[in-house]
Amino acid sequence: MKLGGMRTKILYREKDSDGKPRPPQLRQFPLRGQFLQDLADVNVLGGYALDDAAAIIVDGHDGSGWIVRGIVMMQKRNGTWSEGAHQTIEIPPG
């Protein structure tokens, strides 16, 4: 989870906003739904970077097997890269 941005830190945090520990089952729950949207295997075909911003061209599959192609914007904040806006198309398998 160290590679994720602020969203990842919030979803998988060990303690809630009151400082109470969150059970592992609760922290793992978002992974079930997110798996279908996240890219499961990715090829980076190219891209461009300038200062703390980058645009990468990707081709891969999501967790449900759909083909995903397009551009993913990345931004570096406090030394951590996180995904920003993306413009992709999804093609059903087969």
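Here the structure is shown first, and the text comes after it.
Residues numbered from 1 in each chain as written. Predicted model: local features only at pLDDT ≥ 70, side-chain atom pairs only at ≥ 80, totals over all residues. Heavy atoms only, no water.

A. Inspection of the overall build of the protein chain at higher detail. The number of helices and strands found in the protein chain is two helices and four strands. Out of the 94 residues belonging to the protein chain, those deemed buried represent 19%. A separation threshold of at least 6 residues defines the contact pool for the protein chain, and within that pool the share at least 24 residues apart is 21%. Here the protein chain has roughly 7,300 Å² of accessible surface; of this, 57% comes from carbon and sulfur atoms. (Helix = DSSP H or I, 4+ residues; strand = E, 2+ residues; numbered from the N terminus. Buried < 20%, exposed > 50% of the residue type's maximum accessible area, 1.4 Å probe, protein only. Contact = heavy atoms within 4.5 Å. Areas by Shrake-Rupley, 256 points an atom, 1.4 Å probe, with all protein chains shown as cover.)

B. Molecular detail of the pattern of salt bridges. Applying the stated criterion to the full structure yields one salt bridge. The residue D59 makes a salt bridge to R69 at a minimum N-O spacing of 2.6 Å. Taken as a pair, D59 in strand β2 (residues 53-62) and R69 in strand β3 (residues 67-77) lie far apart in primary sequence, 10 residues in all. (Salt bridge = Lys/Arg side-chain N within 4 Å of Asp/Glu carboxyl O.)

C. Seen up close, unusual backbone geometry. Positive phi is not limited to glycine here, since D51 has a value of about 55°. Assignment of secondary structure puts D51 in the loop between β1 (39-50) and β2.

D. Seen up close, the environment of Q87. Here Q87 is to be found in strand β4 (residues 80-91). Each C-alpha atom of the pair Q87 and I57 lies 9.7 Å from the other, and the pair is 30 residues apart in sequence. With residues near it in sequence (within four places) discarded, Q87 still touches R69, G70 and I71.

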